[in-house]
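Residue-level structure breakdown
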Amino acid sequence: MSGLLLWHSACGTALWQKLARDSSFEKAPDASATVIQARLWCARELAVWSVVMVPVLVGLFWGGSNWYECGKPWLYTTAAYLYDNRELEVAVAVVLCAGAAAAGWLIRRLECQVRDRLHECQGRASRATWWQWAAIWAAWAMTTLVLSIPTALYVAATTLPPGDNTLGLSRFTLGFFEHAGGPILYGVSALLVPPLARLLARTTVGQDRGSHLAVRLMLVARLLVALVIPFALVLALNQECHALWLRLWEPCHVRGSFDVFVPVPVGIVPMSHTNTYSNQKNQVLQRDDVCH
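Here's the deal with the nonpolar core
Counting 15 residues, the largest nonpolar core has Trp-140, Val-193, Leu-213 and Leu-217 as its most contacted members. Mapped by element, the contributors of at least two residues to this core are helix H5 (130-147), helix H7 (171-205) and helix H8 (207-237). Judged by nonpolar contacts, the second largest core, of 10 residues, contains Ala-156, Trp-245, Leu-246 and Cys-291.

Right, dumping it as structure tokens:
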């Protein structure tokens, strides 16, 4: 997409006019031409969305570039120096998620338009009612949450102190998921998500229409398990973000665990140059100073 935008900048309006002229499905003489024109249409739509999204991202990157006081100027327009600004980091994440969603929606439209042209889209409209669709997606949401447990434990292993947390996770458990998080995520994504999605699709909408639904279920589950849920947990638990791991740290639930008192001096003993102290003490540190 970056190459397409650079090419568009270099060639002026010629490329844009070609994309607009050649992406009409009505003029396709055969199946091959239909596919080619569909790809041109998708490229045009993605280019439009990129032209809208890129300036917004560059502005957010520039505003949150706090990693170095002095650095390469062109890197301020990227995420390389993005640091120590929670609001802008969240805004960048939201814009990127919106861009990914828009790209997925455009690709889905591309698929259906091509199939409509080739008369291969008979099975894409399901006879399931709205409450059946709600039940399907509710069941898949619960399944996805269960499949996300290993990923959540990996994030917990990178943020929580071992053996000293309110979740009861031992040092061995956290160490295991910290080192085995990658293979476990691959196993969930490649070995568990596809058969479960196909099983749910076949048992709800039937064999003929089940393939289209299974693909959607796989995409949603993989996006949530591998990206959305880990990102949300890191954003919530990590010390550099909202530091909610402190809520799961056992010492933060023990009253007086961080209380520090300093005696108050009342005078100096002659010839010794040492302070004398009263029974009064000032509290210089308390639990809320550490755990909130």
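The rest of the description comes next.
Digging into the confidence of the model for the protein chain
Of all residues in the protein chain, 69% attain a pLDDT of 70 or more, and the chain-wide mean is 76. Long-range and interchain partners of residues 1-28, a stretch whose pLDDT sits below 50, account for 38 contacts in this model, where long-range means more than four residues apart. Contacts for the low-pLDDT stretch residues 120-126, under 50 throughout, to residues beyond four places or in other chains number 13 contacts.

Describing the layout of surface pockets
By volume, the largest pocket amounts to about 640 Å³. Of all elements in the fold, only helix H4 (86-117) and H8 reach the threshold of two or more residues within the lining of the largest pocket. By residue number, the principal contributor to the lining of the largest pocket is H8, which donates nine residues. In the lining of the largest pocket, the residues fall into 10 nonpolar, three polar and four charged. Approximately 280 Å³ is the volume found for the second largest pocket.

Looking at the environment of Ser-148
Following the sequence through the fold, Ser-148 ends up in the loop between H5 and helix H6 (149-159). For Ser-148, a relative accessible area of 3% translates into the label buried. Linking Ser-148 and Pro-230, residues 82 residues apart in sequence, is a C-alpha distance of 8.5 Å. Ignoring sequence-local partners within four residues, the contact set of Ser-148 consists of Val-225 and Ile-229.

Observations concerning the environment of Arg-39
Tracing the sequence through the fold places Arg-39 in helix H3 (residues 31-63). Spatially, the C-alpha atoms of Arg-39 and Ile-107 are 9.3 Å apart, while their sequence positions differ by 68 residues.

Observations concerning the pattern of salt bridges
In a structure, side chains of opposite charge can pair up when their charged atoms sit close to one another. If you walk through the whole model with that rule in mind, you get one salt bridge. Taking the shortest distance from any N to any O, the salt bridge between Glu-45 and Arg-44 comes out at 2.9 Å. Judged by its relative accessible area of 23%, Glu-45 is partly exposed.

Overview of the packing of H6 against H7
Two numbers describe how H6 lies on H7: the axes approach to 8 Å, and their chain directions differ by 135°. By the angle class used here, H6 and H7 are oblique. The way H6 lies across H7 gives a crossing that is left-handed. Contact with H6, carried on its side by Pro-150, Thr-151, Leu-153, Tyr-154, Ala-156, Ala-157 and Thr-158, involves Leu-174, Phe-177, Glu-178, Gly-181, Ile-184 and Leu-185 of H7 and no other residues of that element. Along the lines of polarity and charge, the residues of the contact of H6 with H7 split into nine nonpolar, three polar and one charged.

Reading the values: the criteria
Residue numbers run consecutively from 1 along every chain, following the written order of its sequence. Given that the model is predicted, a residue must reach a pLDDT of at least 70 before its local features are reported, and side-chain atom pairs must reach 80 or more before they are shown or counted; all residues, however, enter totals for whole chains, interfaces and linings. To get the side-chain values, take all heavy atoms of the structure and skip hydrogens and water. Here, nonpolar core refers to any group of buried Ala, Val, Leu, Ile, Met, Phe, Trp, Tyr and Cys residues whose side-chain atoms link them within 4.5 Å. Each residue is placed in one exposure class: buried if its accessible area under a 1.4 Å probe, protein chains only, is under 20% of its type's maximum, exposed if it is over 50%, and partly exposed if it falls in between. Per the convention used, a helix needs a DSSP run of H or I reaching at least four residues, while a strand needs a run of E reaching at least two, with both numbered from the N terminus. Looking at any residue, its pLDDT shows the predictor's confidence there, from 0 to 100. Contacts were defined at the residue level, with two residues in contact if any of their heavy atoms lie within 4.5 Å. Using protein atoms alone on a 1 Å grid, points that fit a 1.4 Å probe yet trap it form a cavity, whereas open point sets bounded by protein on both sides within 12 Å along at least five of seven lines form a pocket; residues with an atom within 4 Å of a point count as lining. Grid points are joined across faces, edges and corners, and a volume is the space filled by probe spheres set on the points. In this classification, the charged set is Asp, Glu, Lys and Arg, the nonpolar set is Ala, Val, Leu, Ile, Met, Phe, Trp, Tyr, Cys and Pro, and all remaining amino acids, among them Gly, are polar. Within this document, salt bridges are pairs made up of a side-chain nitrogen of Lys or Arg and a carboxyl oxygen of Asp or Glu, the two lying within 4 Å of each other. Between N-to-C directions, angles span 0 to 180 degrees; the directions come from axes that are lines fitted to C-alpha atoms, helices contributing only their stretch in contact. An angle counts as roughly parallel when it lies under 35 degrees, as roughly antiparallel when it exceeds 145, as roughly perpendicular when it falls between 65 and 115, and as oblique in every other case. Here is the rule for handedness: rotate from the far helix to the near one, and if that takes an anticlockwise turn smaller than a right angle the crossing is left-handed, while a clockwise turn gives right-handed.

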